Amino acid sequence: MLAFLADFYDVSADYLLGRTDRKELIDPRLEGLNPMAKKKEEKTNVMRTLEQKKIPYTPHSYPHEDGAVDGVTVAQSMGQDPAAVFKTLVARGASGNYYVFDIPVADTLDLKKAAKAVGEKSVAMLPAKELLPLTGYVHGGCSPVGMKKTFPTVFHESCLAQETLYVSAGKIGYQVEVAPADLMALVGASTADVIVEG
């Protein structure tokens, strides 16, 4: 501490005598220690889209140091019921068309039910490497909001029983909480039973 004060007085004296620049008065050891400084809230394209459409939402974040985290862990880390936290899956139909399915994170997409819901003979999950070029999102950060193109979207029917839904904010580590009706209206989604039964 004494060394720091000595450095401070030396630099201050130099400044007063015109031998140093004001910028040099800011000790690098103090950078980032301003308790009054507000941490800037991270905004994703999903959040900006919701704001542009005047759709109320609540942003949430979760720890993600090791990259993508499974959905149940995300729900637990946010203290939320996994039934209200939805994952976004993208599939390709036998026709070559793409479809988006949003289901609770603890559940598994039933491909036969999913195909029936979109009027396809069959659907298959999109390989992870094709996700980013098609949607603009990475695995673990895929959102039904703000994809590069609009695809037919189906939410599992249980979403209607939730007061709010949590979906990815388009970036690993971030979620948005939105009313189901608002979210479905925004993406033009329908509902159906598309999960594997327990």
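Predicted model, so just to flag it, every value in this text is computed and none were measured.

K.L.:
Explain the overall build of the protein chain residue by residue, including any values.
P.N.:
Counting secondary structure elements, the protein chain contains six helices and eight strands. Secondary structure elements of the protein chain, listed N to C terminal, follow the sequence α-α-β-α-β-β-α-β-α-β-β-β-α-β. Within the protein chain, the proportion of its 198 residues that are buried is 37%. Counting only contacts in the protein chain whose residues sit at least 6 apart along the sequence, the fraction spanning at least 24 positions is 60%. Roughly 12,000 Å² of accessible area belongs to the protein chain as shown, and the carbon and sulfur atoms make up 55% of that amount.

K.L.:
Any details on the sheet that holds strand S1 (residues 58-61)? Residues and values, ideally.
P.N.:
With respect to topology, three strands assemble into an open sheet ordered S1-S7-S6, the strand pairing being antiparallel. Pairing within the sheet leaves two strands with one partner each, and these edge strands are S1 and strand S6 (165-168). Between one strand axis and the next, the sheet turns by 30° as a mean value, whatever way the strands run. Where S6 meets strand S7 (residues 174-178), four bridges bridge the pair, whose relative direction is antiparallel. Residue pairing for S7: Val167 is matched across the bridge by Val176.

K.L.:
Mind laying out the pairing of strand S2 (residues 86-93), listing which residues take part and the relevant values?
P.N.:
Strand residues, when the strand is regular, have side chains that alternate between the two faces of the sheet. Of all eight residues in S2, six are buried, a share of seventy percent or more. For S2 and strand S3 (residues 98-104), the ladder comprises seven bridges, and the chain directions are antiparallel. Across the sheet, residue Arg92 finds its bridge partner in S3, namely Tyr98. In this structure, the hairpin formed by S2 and S3 is closed by a connection of four residues, where Gly96 is found at a positive phi of approximately 95°. Sheet topology note: the S2/strand S4 (residues 123-125) ladder contains three bridges and is antiparallel. Looking at the pairing, Gly93 lines up with Val123 of S4.

K.L.:
Provide a residue-level description of the sheet that holds S2, including the pertinent values.
P.N.:
Ordered in space as S4-S2-S3-S5-S8, the five strands form an open sheet in which the pairing is mixed. On the outer flanks of this sheet lie S4 and strand S8 (190-192), each paired with one strand and no other. Neighbouring strand axes in the sheet, compared pairwise and without regard to direction, differ in orientation by 35° on average. As defined by bridge partners, strand S5 (residues 153-156) adjoins S8 across three bridges and the pair is classed as parallel. When the bridges of S8 are listed, Phe155 appears paired with Thr191. Along the sheet, helix H6 (residues 180-187) makes contact with S5 and S8, crossing S5 at roughly 160°.

K.L.:
If you had to explain unusual backbone geometry to someone new, which residues and values would you point to?
P.N.:
A positive phi angle, near 60°, is found at Lys54, a position not held by glycine. For Lys54, the location among the structural elements is in the loop between helix H2 (45-52) and S1.

K.L.:
Describe the side chain of Glu120, with residues and values.
P.N.:
Following the sequence through the fold, Glu120 ends up in the loop between helix H4 (111-118) and S4. Of note is the side chain of Glu120, whose polar atom sits 3.2 Å from the backbone nitrogen of Ala94. Here the side chain of Glu120 touches Ser95 through a polar contact of 2.4 Å, side chain to side chain.

Criteria and cut-off values
- Residues numbered from 1 in each chain as written.
- Predicted model: local features only at pLDDT ≥ 70, side-chain atom pairs only at ≥ 80, totals over all residues.
- Heavy atoms only, no water.
- Helix = DSSP H or I, 4+ residues; strand = E, 2+ residues; numbered from the N terminus.
- Buried < 20%, exposed > 50% of the residue type's maximum accessible area, 1.4 Å probe, protein only.
- Contact = heavy atoms within 4.5 Å.
- Areas by Shrake-Rupley, 256 points an atom, 1.4 Å probe, with all protein chains shown as cover.
- Pairing = 2+ DSSP bridges.
- Axes fitted to C-alpha atoms, helices over the stretch in contact; angles between N-to-C directions.
- Polar contact = N/O pair within 3.5 Å; in protein donor to acceptor, adjacent residues only side chain to side chain.

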